[in-house]
Amino acid sequence: MNAVARMTQLDLRTVRPYRTQVVILLILTPLLAALWRQPTVAPVMVMVMSVFVAAYPFAIAEKNDLDTLYGVLPIRRRALVAGRYWFAMVLVVIAAVVGTLIGFAMGAAMGLPFGCVELGYLLVAAFVIVGVLVSVQFPLYFALGYTRARLVTFLPIFAVMAVVILAMDVLPKDSITLPSPAVLVAIAVVGTVALLVASVAISARLDARRVR
Amino acid sequence: MSKTALALRHVDATRGTFHLRDVTFDLPTGYVMGFVGPNGAGKTTTIRCLLGMLRPDAGEIELLGRRVPTDPDLLQDVGVVLDHTFFVDDWRLTDVERALRPFYGRWDSTRYRSLLDGFGLDPAHKVKELSRGQSMKLMIAVALSHDARLLVLDEPTSGLDPVARDELVGILGEFLTADDHSVLFSTHITTDLERIADYVTFIRDGQVMASSTKDDLLDAYRLVRGGPDDLLDPAAPLAGARRTSTGVEALVRTADLSRLEGNLLVEAPTLDQIVVKLGGAR
């Protein structure tokens with residue numbers, strides 16, 4: 001097992017004692033989709049909620065002085081940073097699987113359609129949302145620590161949303177020619193992965209600056 | 001086997017507003033060094049530099065024969081014990097092992113279980129349920145389970161009762177039966193070192209005041225006591241002179257003893273007295 005995988009495993013073990021909270025979060029969230037009678041939204045909701053769980057290692061590390069543990073382990077800090085992003089991605093995959101299963105069950109129980117194509121687009125959209133949230137929030141956590149960062153982690157998200165809303169109002173809608181859905185999906189996935197990779201590099205620098 | 005367990009040469013470092021200046025000392029392999037000084041003297045900052053957790057501004061650091069910072073794999077051979085645990089509070093002691101085992105190539109699960117058993121620690125207990133003494137034993141169990149060759153202890157005995165402190169000395173004695181095992185033991189409770197330290201480094205205000213074998217350090221100073229009129233204008237520098245209405249007590253270099261006049265009582269000081277007197281001298 002390489003260093004990054006070991007750090008991802010350590011993060012999983014770090015949140016393991018709090019698994020009951022995580023399971024409750026993962027199960028209760030899609031029930032909101034039932035209230036909307038939109039079972040296909042369930043995986044999106046679970047995936048977005050998984051971002052909160054992805055921040056658990058930062059909070060637990062701060063409370064328990066795990067920075068000292070990371071310092072005495074025979075491992076580079078860069079592996080810790082990359083491992084935490086992989087931990088977030090593992091959570092997202094688990095959330096997507098759990099959310100999809102719950103969505104299917106919900107659709108069957110309520111007699112509502114659960115379109116696979118629609119589900120695919122929604123999963124990609126959720127991956128983009130999660131990717132952007134993680135890419136923006138994690139560098140702040142690494143730079144400032146959990147307690148200080150959590151006060152500001154949502155500010156960049158609001159800023160991006162405000163820009164998007166303003167742009168939608170300003171841009172002439174008729175003149176925009178969208179590429180095919182397949183190309184859009186590819187652009188979204190590749191763009192999100194690129195954003196995450198850039199975020200890892202930034203986090204590694206910020207983490208080194210904070211710790212040293 | 002490297003001849004030197006650790007060596008710092010002219011190390012300067014900054015941590016917040018605190019500065020280490022020209023810190024130089026070394027510990028030969030197979031020995032125990034007591035690293036003493038008052039709170040805030042720079043012991044923890046020095047240890048952070050040694051472990052590669054703080055980058056020095058200047059100087060060289062060597063750990064088990066290799067330069068620091070270096071390949072972090074070197075930390076496979078280093079066990080760290082602090083005055084507080086650095087594990088997740090809600091981990092059970094079995095979780096501690098599961099979490100740490102993947103990082104250490106020589107992790108020995110049987111030894112970990114045996115050490116917990118020997119220390120009277122229940123593997124089902126959570127970290128947060130342990131007392132101070134039990135927490136210290138858990139960290140030692142972890143350090144010994146990955147077959148560390150160098151133990152770095154940073155104030156492990158602060159807040160411990162005398163029985164637990166005595167147990168730690170016993171555990172360290174057993175660890176040192178292997179020739180290539182060494183210990184750096186940072187503390188401000190110098191009585192812990194009387195029994196086990198071979199070397200002593202004394203640090204104050206971020207600077208090393210003395211570093212030598214314990215016996216040399218004890219031989220280098222004498223405690224002098226006199227009446228109220230003695231040592232009013234001493235011919236040699238005194239350290240930590242304490243004057244009361246009934247007399248005076250001070251530390252003096254053994255080499256300067258012959259320069260002092262008066263009806264003085266001269267005694268060999270304890271390590272604690274040397275640290276207290278030198279720590280108070282400015």
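Below you will find a few notes about this structure. (Residues numbered from 1 in each chain as written. Chains lettered and ligands numbered in written order. Predicted model: local features only at pLDDT ≥ 70, side-chain atom pairs only at ≥ 80, totals over all residues. Heavy atoms only, no water.)

Helix and strand counts for chain B come out as eight helices and 14 strands. The C-alpha radius of gyration computed for chain B amounts to 21 Å, which stays within 12% of the reference 19 Å derived for 282 residues, consistent with globular compactness. Oriented by its inertia axes, the alpha-carbon framework of chain B measures out at about 65 × 40 × 35 Å. The buried share among the 282 residues of chain B stands at 53%. Counting contacts in chain B only where the partners sit at least 6 residues apart, residues at least 24 apart contribute 69% of the total. Of the roughly 12100 Å² that chain B leaves accessible, carbon and sulfur atoms contribute 46%. (Helix = DSSP H or I, 4+ residues; strand = E, 2+ residues; numbered from the N terminus. Rg over C-alpha atoms; globule rule 2.2 N^0.38 Å. Buried < 20%, exposed > 50% of the residue type's maximum accessible area, 1.4 Å probe, protein only. Contact = heavy atoms within 4.5 Å. Areas by Shrake-Rupley, 256 points an atom, 1.4 Å probe, with all protein chains shown as cover.)

Attention now moves to the sheet that holds strand S12 (residues 238-243) of chain B. All names here are of chain B. Overall, antiparallel pairing links the four strands, which are arranged S12-S13-S11-S14 in an open sheet. This sheet does not close on itself; its edge strands, each paired only once, are S12 and strand S14 (265-267). Adjacent strand axes in the sheet meet at a mean angle of 20° when their direction is disregarded. Bridging between strand S11 (residues 221-226) and S14 involves three bridges; their strand directions are antiparallel. Looking across to S14, one finds that Arg 225 is bridged to Leu 265. (Pairing = 2+ DSSP bridges. Axes fitted to C-alpha atoms, helices over the stretch in contact; angles between N-to-C directions.)

All names here are of chain B. Taken as a whole and judged by the stated rule, the model has 22 salt bridges over all chains. We note a salt bridge from Asp 166 to Arg 195, for which the minimum N-O separation is 2.4 Å. One end of the pair, Asp 166, is in helix H5 (residues 162-175); the other, Arg 195, is in helix H6 (residues 191-196), with 29 residues separating them in the sequence. Overall, the relative accessible area of 56% leaves Arg 195 in the exposed class. One network of salt bridges, in which partners are shared, links Arg 225, Arg 242, Glu 249, Glu 267 and Lys 277. (Salt bridge = Lys/Arg side-chain N within 4 Å of Asp/Glu carboxyl O.)

Right, let's talk about the nonpolar core for a bit. Residues B:Phe87 and B:Leu138 are the most contacted members of the largest nonpolar core, which totals 133 residues. No other element matches the 11 residues that helix H6 (residues 77-110) of chain A contributes to this core. Ignoring anything within four residues of it in the chain, the contact list for B:Phe87 reads A:Asn64, A:Leu66, A:Leu69, B:Val96, B:Leu100, B:Val127, B:Leu138, B:Met139 and B:Val142. Residues B:Leu231, B:Val248, B:Leu260 and B:Leu264 belong to the second largest nonpolar core, which totals eight residues. (Core = buried A, V, L, I, M, F, W, Y, C linked by side-chain atoms within 4.5 Å.)

Now for the packing of helix H2 (residues 19-36) of chain A against helix H3 (residues 42-54) of chain A. Residue and element names in this part refer to chain A. For the pair H2 and H3, the least separation of the axes is 9 Å and the interaxial angle reads 145°. Handedness of the crossing formed by H2 with H3: right-handed. Contact with H2, carried on its side by Val 22, Leu 25, Leu 26, Thr 29, Pro 30, Leu 32, Ala 33 and Trp 36, involves Ala 42, Met 45, Val 46, Met 49 and Val 53 of H3 and no other residues of that element. In terms of residue class, the contact of H2 with H3 is made up of 12 nonpolar, one polar and no charged. (Left-handed = near helix turned anticlockwise from the far one by under 90°. Nonpolar A, V, L, I, M, F, W, Y, C, P; charged D, E, K, R; others polar.)

Moving on, we come to the side chain of B:Ser182. Residue and element names in this part refer to chain B. Of note, Ser 182 is situated in strand S8 (residues 182-187). For Ser 182, a relative accessible area of 1% puts it in the buried group. Here Gly 30 takes part through its backbone nitrogen, which lies 2.9 Å from a polar atom of the side chain of Ser 182. Setting aside anything within four residues of it in sequence, one finds Ser 182 in contact with Ala 5, Leu 27, Pro 28, Thr 29, Gly 30, Tyr 31, Arg 149, Leu 150, Leu 151, Phe 175 and Leu 176. (Polar contact = N/O pair within 3.5 Å; in protein donor to acceptor, adjacent residues only side chain to side chain.)

This paragraph deals with the packing of aromatic side chains. By convention here, two paired aromatic rings are described through the distance between centres and the angle between planes. All names here are of chain A. Within this structure, the stated rule accounts for 11 aromatic pairs over all chains. By way of ring pairs, the aromatic residues Phe 58, Tyr 85, Phe 138, Tyr 141, Phe 142 and Tyr 146 are connected into one cluster. Here the guanidinium or amino end of Arg 84 rests over the ring plane of Phe 58, the centre of that ring lying 4.6 Å away. (Phe/Tyr/Trp six-rings, centres within 6.5 Å; stacked < 30°, edge-to-face > 60°. Lys NZ or Arg CZ within 6 Å of the ring centre and 35° of its normal.)

Moving on, we come to unusual backbone geometry. Leaving glycine aside, a negative phi is the common case for residues, and trans is the common case for peptide bonds. The backbone phi angle of A:Asp65 is positive, close to 55°, even though this residue is not glycine. Relative to the helices and strands, A:Asp65 resides in the loop between helix H4 (56-64) and helix H5 (66-72). Taking the relative accessible area as the measure of exposure, A:Asp65 reaches 25% and is therefore partly exposed. Even without being a glycine, B:Glu155 presents a positive backbone phi close to 50°. The topology assignment puts B:Glu155 in the loop between strand S7 (150-154) and H5. By relative accessible area, which is 9% here, B:Glu155 ends up buried.

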